[in-house]
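# Commentary on secondary and tertiary structure
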Amino acid sequence: MLDLTGKNALVTGIANNRSIAWGIAQQLSKAGANIGVTYLPDDKGRMEKKVRDLTEPLHPSLFLPCNVQDDEQVQATFDTVKTDWGKLDILVHCLAFANRDDLAGDFSDISRQGFQTALDISAYSLVKLAQQAKTLMIEGGSILTLTYLGGVRVVPNYNVMGIAKAALEMNVRYLAAELGSNNIRVNGISAGPIRTLASSAVGGILDMIHHVEEVAPLRRTVTQSEVGNAAAFLCSDLASGVTGQILYVDSGYEVMGM
Ligand SMILES: NC(=O)c1ccc[n+]([C@@H]2O[C@H](COP(=O)([O-])OP(=O)(O)OC[C@H]3O[C@@H](n4cnc5c(N)ncnc54)[C@H](O)[C@@H]3O)[C@@H](O)[C@H]2O)c1
């Protein structure tokens, strides 16, 4: 049985009720996990309010600002996890960012700055968070990230994010190899296209969704809660033998040749 009772789960990347991280947080909570939430702070505190109101029904025992580009904020987040929880069992890395200009048009036009930003926020951040998480996963643990097929194949307009996802997927494998001896598992879910704030920045996202609805074996795309269910499995002891893997939760689209 899928049971996360007694597990402390820190979930990053909730922005609104469409966020994949929100789907994951709900399923982890349903399975009994104690939830902590981080959000991306802004000057006016809008994100804080929105995410606080949204996640209130899950009674998060931690609610912290964490911009992954800010080392002090990352440190402060994990210092609080240590003080308040004592141990961490589950870390969900569910965030990404690239400049809108770099998610359409010619791939070769990407600027150095745009490349660095996308790779820093969307790929390096997993390493940064894992650095901190590994010291608190004293009973072992599970780290999970979110990726997309555009990291292994060319998808129109995904451009710089494809490079970031390729790096992210290798991060999963290197981290799994390093942390396995501490019984820390590291996996990724490659989700099918879902309408969210982040995906709306990718040129032609609706066309991508319609294409999946026509071609994928299940003839539809996936929902946040389907991704959440797979996440709960990967974060639970039911997946105790699974690490370094990318699990496709995409209605089967990845297997199709045409
Ligand atoms: N939506 C899709 O179709 C799809 C498909 C496959 C994978 N994914 C991946 O799922 C993850 C979640 O995206 P989503 O689609 O739910 O969109 P979303 O916009 O709801 O979530 C993206 C999150 O990234 C956060 N973020 C951006 N920059 C940050 C920073 N510097 N520090 C901390 N947080 C930051 C945002 O605040 C937001 O919460 C991403 O990694 C995305 O690439 C999405």
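Just so it is clear, the model here is predicted, and its values are computed rather than measured.

### Some details on the nonpolar core
Among the nonpolar cores identified, the biggest contains 46 residues, and Phe 78, Leu 88, Leu 91 and Ile 143 are the most heavily contacted of them. In terms of residue count, helix 4 (residues 112–136) provides more of this core than any other element does, nine residues in total. Ignoring any residue separated from it by four or fewer positions in sequence, one finds Leu 88 in contact with Asn 8, Leu 10, Phe 78, Val 81, Ala 133, Leu 136, Met 137 and Gly 140.

### Digging into the pairing of strand 6 (residues 184–191)
Counting buried residues in strand 6 gives eight out of eight residues, a clear majority hidden from the surface. The two faces of strand 6 match: Ile 184, Val 186, Gly 188 and Ser 190 on one face and Arg 185, Asn 187, Ile 189 and Ala 191 on the other face are all buried. Direction of pairing for strand 5 (residues 141–147) relative to strand 6: parallel, over a ladder of seven bridges. Within the sheet, the bridge partner assigned to Leu 146 lies in strand 6 and is Ile 189. Crossover connection from strand 5 via helix 5 (residues 159–179) to parallel strand 6: handedness right-handed. In this sheet, strand 7 (residues 246–249) lies alongside strand 6 in parallel orientation, the contact comprising four bridges. The partner of Gly 188 across the bridge, within strand 7, is Ile 246.

### Some points on the UniProt feature "binding site: substrate" (unreviewed entry) in the protein
Listed under "binding site: substrate" (unreviewed entry) in the UniProt record, and renumbered for this structure, are Ala 98. Looking at where Ala 98 falls in the secondary structure, it is placed in the loop between strand 4 (90–93) and helix 4.

### Some thoughts on the site of the ligand
Around the ligand sit 27 residues in total, of which Gly 13, Ser 19, Lys 165, Ile 194 and Thr 196 are the nearest. For the ligand, a nitrogen atom lies 2.9 Å from a polar atom in the side chain of Asn 67. In this structure, an oxygen atom belonging to the ligand sits 2.7 Å away from a main-chain N or O atom of Ile 194. Tallied by class, the residues present in the shell around the ligand amount to 19 nonpolar, seven polar and one charged.

### Here's the deal with the pairing of strand 1 (residues 8–11)
On strand 1, burial covers both faces: Asn 8 and Leu 10 on one face and Ala 9 and Val 11 on the other are all buried. For strand 1 and strand 2 (residues 34–39), the ladder comprises four bridges, and the chain directions are parallel. Looking at the pairing, Val 11 lines up with Val 37 of strand 2. Tracing the backbone out of strand 1, into helix 1 (residues 20–30) and back to the parallel element strand 2 gives a crossover that is right-handed. Note that strand 1 and strand 4 share three bridges and pair parallel. Residue Val 11 lies in a different strand from strand 4, and its bridge partner there is Val 92.

### Side note on the packing of aromatic side chains
According to the stated counting rule, one finds two aromatic pairs in the structure shown. On the basis of an interplanar angle of 25° and a centroid distance of 4.9 Å, the ring pair of Tyr 39 and Phe 63 is categorised as stacked. A residue pair is termed long-range when its members are at least 10 positions apart, and Tyr 39 in strand 2 and Phe 63 in strand 3 (residues 62–65) qualify at 24 residues.

### Structural notes on the layout of surface pockets
Of the voids in this model, the largest pocket is the one considered here, and its volume is about 1,100 Å³. Taken together, 44 residues line the largest pocket, and the ones lying closest to its centre are Cys 94, Leu 95, Ala 96, Phe 97 and Ala 198. Contributing elements (two or more residues each) for the lining of the largest pocket: helix 1, strand 2, strand 5, helix 5 and helix 6 (205–215). Along the lines of polarity and charge, the residues of the lining of the largest pocket split into 29 nonpolar, 13 polar and two charged. Quantified by volume, the second largest pocket comes out at close to 180 Å³. What lines the second largest pocket is a set of 13 residues, and nearest its centre among them are Lys 7, Gly 140, Gly 141, Asn 183 and Asp 237. Residue composition of the lining of the second largest pocket, grouped by class: two nonpolar, six polar and five charged.

The rules we used
Numbering of residues starts from 1 in every chain and runs along the sequence as written. Per-residue local features of the predicted model are confined to residues with pLDDT of at least 70, and side-chain atom pairs are confined, for both listing and counting, to 80 or more; whole-chain, interface and lining totals are unaffected and use all residues. Side-chain calculation: all heavy atoms of the structure are included, whereas hydrogens and water are not. Note on terminology: a nonpolar core comprises buried Ala, Val, Leu, Ile, Met, Phe, Trp, Tyr and Cys residues joined through side-chain atoms within 4.5 Å. Each residue is assigned to one of three classes by its accessible area relative to the maximum for its type, calculated with a 1.4 Å probe on protein chains only: buried under 20%, partly exposed between the two thresholds, exposed over 50%. Only runs of H or I of at least four residues qualify as helices and only runs of E of at least two qualify as strands under DSSP, and these elements are numbered from the N terminus. Contacts were defined at the residue level, with two residues in contact if any of their heavy atoms lie within 4.5 Å. By this definition, two strands are paired if DSSP reports at least two bridges between them. Consider the strands pointing away from the viewer: the crossover is right-handed when the path from the first strand over the helix to the second runs clockwise. UniProt positions are given in the numbering used here, feature names are shortened, and annotations may be inferred rather than shown by experiment. To be near a molecule or strand, a residue needs just one of its heavy atoms within 4 Å of it. Here a polar contact means two N or O atoms within 3.5 Å. Within protein one must be a hydrogen donor candidate and the other an acceptor candidate, and residues neighboring in sequence count only if both atoms are side-chain atoms. When residue character is reported, Ala, Val, Leu, Ile, Met, Phe, Trp, Tyr, Cys and Pro are called nonpolar, Asp, Glu, Lys and Arg charged, and the others, Gly included, polar. Each aromatic pair joins two rings of Phe, Tyr and Trp (for Trp, the six-membered one) with centres within 6.5 Å, and gets the label stacked for planes under 30 degrees apart, edge-to-face for over 60, and tilted for any other angle. Definitions used throughout: a 1 Å grid over protein atoms alone; a cavity as a set of points that fits a 1.4 Å probe which cannot get out; a pocket as an open set with protein on both sides within 12 Å along at least five of seven lines; a lining residue as one with an atom within 4 Å of a point. Grid points are joined across faces, edges and corners, and a volume is the space filled by probe spheres set on the points.

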